[in-house]
Amino acid sequence: MIHLLGTIEYAVIAFLGILFAFMATCIAIAKLNKYLPKDLGRQYAHDGTLSAGKPRGAGIIFVLVFVASALLFGKMNIELGIYLILVVVEMLTGFFDDAAEKPWGEYLKGFLDLAVAVVVALVYLHYNSSTIQFAIFGTSVTIPPVLFGVLTIILVWASINVTNCSDGVDGLSGTLTIISLMTIFVLDNLLGVEDNFQYCILLFCVCLLGYLWYNATPSKLLMGDAGSRAMGIFIAIAVLKLHSPFMYLLVAAVLIVDGGLGLIKVSLLRFLKIHILKNVTTPIHDHVRKKLGWSNAQVVFRFAIIQIVISCAAVYLVMI
């Protein structure tokens, strides 16, 4: 283990690290947001033009503060260090897209996500077994590493993209990500998972809180793909380190439905010419705003409430 701050009691270091991560994020965003690219407004999103002109790509700020905080205050090892690099890589692919005059194509971004997902799978299998825990049932099964790797690639790729698609309402994806990550943190402790990644979950959440300080409705800036793609890969890694990857279906249920239905709808129409959900606007957060008249605040609170209820049920099922 590498600890950059040496002999100070780790509990105190961890406490200071959490405070540092939050304050550094708030200060860095306040000082650096003027250098971020400006949003052009989402052409097809409900009220998408309201975001035009706001600083976009703030994910580069809170992700870099998170990584710096993890390096300074966390207990590092090689596996964790590689994961941090991959989070930064995913953040950078999103930021360069945010800053580009002509947005990157979907296929290019999808391929880059796939490449990162493959690396995550290889790194995880190198440092961990291919045993899957079924936390709710208290059982486990060891599957062939190749199958585990394929499933991991699917998980990481899907998590990146559903989280990215859910980013469209001030504070929504960040709030849902915090709920998902804190659910994983609680499950880690219930299941007795002892890993340095747990502290990184707390650091990531407080950095997101620092961002949400400025992104709450009405927002002053946007995370862009730089933030949403980094959040997606981090959630996937966190649930992998829980050693119960199928819990992703519960801990990120709202993100999956909100962003995932749109991916399925577009994919079926584009590749198989099958048109589903004809009367549903996707992502779902646009549907409830346009068709049901929900305000941005109602979307965030109600989606968050739904995820909290699901998370509480998942935690209880693991406890009994």
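Heads up: these notes are all about the structure in this document. (Residues numbered from 1 in each chain as written. Predicted model: local features only at pLDDT ≥ 70, side-chain atom pairs only at ≥ 80, totals over all residues. Heavy atoms only, no water.)

**Details of the overall build of the protein**
- Counting its regular elements, the protein contains twelve helices and two strands.
- Listed by position from the N terminus, the elements making up the protein come as α-α-α-α-β-β-α-α-α-α-α-α-α-α.
- In terms of overall dimensions, the protein is globule-like: its C-alpha atoms have a radius of gyration of 19 Å, near the 20 Å expected for 320 residues.
- Projected onto its principal axes, the C-alpha coordinates of the protein cover approximately 50 × 45 × 35 Å.
- Considering only residue pairs separated by 6 or more positions, the protein has 75% of its internal contacts joining residues 24 or more positions apart.
- With the model as given, the accessible surface of the protein reaches about 15000 Å², and the carbon-plus-sulfur share is 71%.
- With 20 positive and 18 negative side-chain charges, the protein shows a spacing of 9 Å between the two charge centroids. (Helix = DSSP H or I, 4+ residues; strand = E, 2+ residues; numbered from the N terminus. Rg over C-alpha atoms; globule rule 2.2 N^0.38 Å. Contact = heavy atoms within 4.5 Å. Areas by Shrake-Rupley, 256 points an atom, 1.4 Å probe, with all protein chains shown as cover. Lys, Arg positive; Asp, Glu negative; His and termini not counted. Charge placed at Lys NZ, Arg CZ, Asp CG, Glu CD.)

**A short note on the environment of isoleucine 60**
- Residue placement: isoleucine 60 occurs in helix α2 (residues 59–73).
- Expressed as a C-alpha distance, the spacing of isoleucine 60 and aspartate 225, which sit 165 residues apart in the sequence, is 9.4 Å.

**Let's talk about the packing of aromatic side chains**
- This structure, assessed with the given rule, holds 13 aromatic pairs.
- Seen from their ring centres, phenylalanine 22 and tryptophan 213 are 6.4 Å apart, and the 80 degrees between their planes marks the pair as edge-to-face. Here the residue phenylalanine 22 occupies a position in helix α1 (residues 10–32), and tryptophan 213 occupies one in helix α7 (residues 197–215), the gap between them amounting to 191 residues.
- What links up through ring pairs into an aromatic cluster is the set Phe62, Phe66, Tyr83, Phe197, Phe204, Tyr211 and Phe234.
- Geometry around tryptophan 294 places arginine 302 over its ring, the cationic atom sitting 4.7 Å from the centre. (Phe/Tyr/Trp six-rings, centres within 6.5 Å; stacked < 30°, edge-to-face > 60°. Lys NZ or Arg CZ within 6 Å of the ring centre and 35° of its normal.)

**Looking at the pairing of strand β1 (residues 131–134)**
- Note: β1 against strand β2 (residues 139–142), four bridges, orientation antiparallel. Of the residues in β2, the one forming a bridge with glutamine 133 is serine 140.
- Here β1 folds back onto β2, and the loop between the two strands holds four residues, one of which, glycine 138, carries a positive phi near 70 degrees. (Pairing = 2+ DSSP bridges.)

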